[in-house]
There are 4 protein chains.
Amino acid sequence: MRTVLLTGFEPFDKEPVNPSWEAVRALDGQRIGDDPARSAIIVARQLPCVFGAAISGMVALLDELKPDVVIAVGQAGGRTEMSIERIAINVDDARIADNAGAQPIDTTIATEGPAAYFSTLPIKAITRDLREAGVPAMVSQTAGTFVCNHVFYGLMHALAQRGHGGTRGGFIHIPYLPEQAARHPGAPSLALDTLIAGLRVAVATTLNTAADVREQGGQLH
Amino acid sequence: MRTVLLTGFEPFDKEPVNPSWEAVRALDGQRIGDDPARSAIIVARQLPCVFGAAISGMVALLDELKPDVVIAVGQAGGRTEMSIERIAINVDDARIADNAGAQPIDTTIATEGPAAYFSTLPIKAITRDLREAGVPAMVSQTAGTFVCNHVFYGLMHALAQRGHGGTRGGFIHIPYLPEQAARHPGAPSLALDTLIAGLRVAVATTLNTAADVREQGGQLH
Amino acid sequence: MRTVLLTGFEPFDKEPVNPSWEAVRALDGQRIGDDPARSAIIVARQLPCVFGAAISGMVALLDELKPDVVIAVGQAGGRTEMSIERIAINVDDARIADNAGAQPIDTTIATEGPAAYFSTLPIKAITRDLREAGVPAMVSQTAGTFVCNHVFYGLMHALAQRGHGGTRGGFIHIPYLPEQAARHPGAPSLALDTLIAGLRVAVATTLNTAADVREQGGQLH
Amino acid sequence: MRTVLLTGFEPFDKEPVNPSWEAVRALDGQRIGDDPARSAIIVARQLPCVFGAAISGMVALLDELKPDVVIAVGQAGGRTEMSIERIAINVDDARIADNAGAQPIDTTIATEGPAAYFSTLPIKAITRDLREAGVPAMVSQTAGTFVCNHVFYGLMHALAQRGHGGTRGGFIHIPYLPEQAARHPGAPSLALDTLIAGLRVAVATTLNTAADVREQGGQLH
């Protein structure tokens, strides 16, 4: 049985909830796939919205769980769709303070690390399958420069240093929940049920897709 | 027992479904309110997305059902929230053809009618109660110039000509469903359950609110 | 020689300038059109961003100047194009205080006035000519519910009470200037030269167009 | 005298002009700075909007001109501000065909190249100085995945392979011109004069700034 680690974040930016944690916690312990040879069990864990501690928490989970797939999930208030991130970049540049009060500007995440890592999830296949399942989704070319990108980069850097061992990793940004959007006039949202269904699709597609499909998912700029 | 008429539209603009009809049909026959003196029964009906026929269909429903409250509901693809419309204007100006192929430009809906009618629903109280219930909502200053505004104007004009008889009327625009947004990259959506819950709130607030509350709901421009 | 009154507003909402005043003042005293029988002189005046006083200022200008055409211009921070307004509605609903500290909510502008007035400018011809001149432009279905709509409604109500006397009136919303947008990350803008050129087009088209053209300019919602 | 190479693109995507070429050509031959020790001469050149040929054109210009600073400029239709790009990524993923008909999907730009290169321009200082000069500007976290990102990556890869030799390079995306936006309802724009003034600021700031300033310019997501 394979193990899929899903991480969500604690609330930040004065929000009472974080949809990423609400969605992944609902999937904790669930089995994906009927074929015993290909099926997997989901383990959901929460990470702090804190530079540094979020990555060390992620690394500890890699050591503890030795997952086959890791999908870190985070809130992207203002986005309309599930955003399958393409790339993590080696910089922290915070517009607001994290939950520990730190606000780094233009600092490097890993001094010896490369400028960026590409997701090793099948991002095009996930986007295609989400849309076919009726879940609004897109490939995103930037995960920003806050704690989400920080954890995404830290995850990919840790996997690269371990030689991956076959573990695939990536990041998915999700919109506000409707009850959050109700306090942010004009903000889009997706319902928790939609997010949970979408993350199940993302996990299943990853488990079933060795090489990503060639479908458009770029941006002109 | 009071009667609340909810209308939704048939699909248009190449969509296979119209969320307005999906939402109101789910409420057909439901009773709102426990107090027999104040409770009401919902009747849901579909209108064609056709200039002229949509208004004559609405007028026939007023004659048949003699409702105490009428809320016409329509799809607003691209909006993020339930939009409680403030005003209907006396013009048709169609960017696309309606379902019968007509595309009027700058024609008057009612030759002898006034330039506009204000909704007689408690639009501020509905917006407040939707947000408190966790449903993204806003007051909207324009219902556009297509069949939605057409029906809204036709409804208010018919009620005005009858001296209202106490019947209150208005219009609510709703976003795409997620499965529609999944085919329109970048488009926001609300889940059907959220829309149904929101319309129940709108009906209940209308039934319980004689005079609207004074809360901000305007736009600078 | 005909007279065209262009009004702009004083700055509001903490801005140091108001592009509407900067643009119209640049046109003060200019003559539009070579044909003496059709040409006109522009008079530019400033209005306060104050409920009530803005309308009484406008009415005083109508009495003083007896203009043939009146185009009130106002700032619409966040819009991308010159917005030719279609309709003024009989309500004040302020999201911020005006320059005198007043913040009316859902109050009627003219107690005995109709719900709305349509612009009597050739809004479709203006939009067409602006685009042909390379100026981004659109027909707008709402002028909001702040002082801009207030003045627009007050203007049209005053003209209606006077039986118009042939005077045509309307409202054009314009975006921020670039130097304002530079302080509002993400905000669109148009250069002052573009705005001035655009207002000249709007005046010339109005002078030369008796009946508006039938071109699409509506919104689905 | 130092040399600053500014490149613009030929028109693409059915546009008759490309604002990047219109803006840089206006600066060709201009001298920036009064101090002979620090001043520079601008050389402007056009690149084809073609995968592969755009990079080989850029590399030939590096060989020919041996510039001290290279700023590649490209059109970003739909953006509101001058966007100072932070990072170029090693992937082509085209939503439309380039001017030679090619439409690569998820292909690597440089097989042996790293996942990404950071701009070596002082992106924060440029953004700050543009805003102070009244030019709307932002730091952008993604240059997309079309020919603009392609050239940006190719430029930085070529400079890295040569050991830079002190040459600094980066990319700036600019909005439509107003006359383009006039054909794309809703699209923002900046005037050509504003773009030219902005590029002069970007060049001057680069010449005068050894180490970038620490100012916020990140995104939450």
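Please read these numbers as outputs of a predicted model, since none were measured by experiment.

A. Geometry of the relation of the copies chain D and chain C. Once turned by 180 degrees and shifted 0.0 Å along the axis, chain D lies on chain C with an RMSD of 0.0 Å. Here the copies are linked by what is in effect a two-fold axis. Residue by residue, 100% of the interface of chain D is reproduced at the interface of chain C, so both copies engage with the same surface.

B. Structural detail: the packing of aromatic side chains. For the structure shown, the criterion picks out 16 aromatic pairs over all chains. On the basis of an interplanar angle of 55 degrees and a centroid distance of 5.1 Å, the ring pair of Tyr-117 of chain B and Tyr-153 of chain B is categorised as tilted. Of this pair, Tyr-117 of chain B sits in strand β9 (residues 116–118) while Tyr-153 of chain B sits in helix α4 (residues 147–161), and the two are 36 residues apart along the sequence. The class of Tyr-153 of chain B is buried, set by a relative accessible area of 0%. Three or more aromatic residues link up through ring pairs in this structure, and these residues are Phe-12, Phe-51 and Phe-146 of chain A.

C. Structural detail: the relation of the copies chain D and chain A. When chain D is brought onto chain A, the operation consists of a screw motion whose angular component is 180 degrees and whose axial shift is 0.0 Å, with 0.0 Å RMSD remaining. Counting the interface residues of chain D, we find that 100% of their copies in chain A are interface residues as well, pointing to one common contact surface.

D. Up close: the UniProt feature "active site" (unreviewed entry) in chain A. Here, UniProt's "active site" (unreviewed entry) annotation points to Glu-85, Cys-148 and His-173 of chain A. Spatially, the listed residues are clustered: although they cover 89 residues, their C-alpha atoms lie within 10.4 Å of one another. Mapped onto the elements of the fold, Cys-148 of chain A is located in helix α4 (residues 147–161). Once you skip the residues sitting within four places of it in the chain, Cys-148 of chain A turns out to touch Phe-9, Gly-74, Gln-75, Ala-143, Phe-171 and His-173 of chain A. Judged by its relative accessible area of 0%, His-173 of chain A is buried. When residues no more than four places from it in sequence are discounted, the contact partners of His-173 of chain A are Gly-74, Gln-75, Ala-76, Arg-79, Glu-81, Met-82, Ser-83, Glu-85, Ala-143 and Cys-148 of chain A together with His-221 of chain D.

E. Just the sheet that holds strand β1 (residues 2–9) of chain D, in detail. Residues and elements named next belong to chain D. With mixed pairing, seven strands are arranged side by side in an open sheet as β2-β3-β1-β4-β11-β5-β10. This sheet does not close on itself; its edge strands, each paired only once, are β2 (31–32) and β10 (137–140). Where strand β5 (residues 82–85) and β10 come together, four bridges link them in parallel fashion. Pairing of Ser-83 across the sheet is with Met-138, part of β10. Contacting β1, β3 (40–47) and β4 (69–75), helix α2 (residues 53–65) crosses the sheet at an angle of about 155 degrees to β3. Sitting on the sheet, helix α6 (residues 192–208) touches β1, β2, β3, β4, β5 and β11 (168–174), and the angle it makes with β4 is about 155 degrees.

F. Examining the interface of chain D and chain C more closely. With 19 residues of chain D at the contact, the number on the chain C side is 19 residues. Of the roughly 1,300 Å² buried where chain D meets chain C, counting both sides, 58% is carbon and sulfur surface. Looking only at chain D, the three residues that lose the most surface to chain C are Arg-131, Pro-136 and Ala-182 of chain D, adding up to 28% of its buried area. The interface formed by chain D and chain C holds zero salt bridges in total. The element contributing the most residues to the side of chain D that touches chain C is helix α5 (residues 178–181) of chain D, with three residues. Of the residues that constitute the side of chain D that touches chain C, the class distribution is 10 nonpolar, six polar and three charged.

Conventions we followed
Residue positions within a chain follow its written sequence, with the count starting from 1. Going through the entries in the order they are written, you letter the chains from A and number the ligands from 1. Per-residue local features of the predicted model are confined to residues with pLDDT of at least 70, and side-chain atom pairs are confined, for both listing and counting, to 80 or more; whole-chain, interface and lining totals are unaffected and use all residues. Remark: hydrogens and water are excluded; side-chain values derive from all non-hydrogen atoms of the structure. Least-squares fitting of one copy onto the other uses the C-alpha atoms of those residues that reach a pLDDT of at least 70 in both copies. Here, residues are in contact when the closest pair of their heavy atoms is within 4.5 Å. Two aromatic rings from Phe, Tyr or Trp, using only the six-membered ring of Trp, form a pair when their centres are within 6.5 Å; if the ring planes differ by under 30 degrees the pair is stacked, by over 60 it is edge-to-face, and anything between is tilted. Each helix is a run of DSSP H or I of at least 4 residues and each strand a run of E of at least 2, with the numbering of both proceeding from the N terminus. Classification of residues uses two cut-offs on accessible area relative to the type maximum, computed with a 1.4 Å probe and protein chains only: under 20% is buried, over 50% is exposed, and between them is partly exposed. UniProt positions are given in the numbering used here, feature names are shortened, and annotations may be inferred rather than shown by experiment. Strand pairing is defined by DSSP finding a minimum of two bridges between the two strands. All axes here are fitted lines through C-alpha atoms, helices being fitted over the stretch that makes contact, and every angle between N-to-C directions spans 0 to 180 degrees. When two parts are put together, the accessible area they lose, computed with a 1.4 Å probe and summed over both, is reported as buried area. For this analysis, a salt bridge means a side-chain nitrogen from Lys or Arg found within 4 Å of a carboxyl oxygen belonging to Asp or Glu. Amino acids outside the nonpolar list (Ala, Val, Leu, Ile, Met, Phe, Trp, Tyr, Cys, Pro) and the charged list (Asp, Glu, Lys, Arg) are all regarded as polar, and Gly is one of them.

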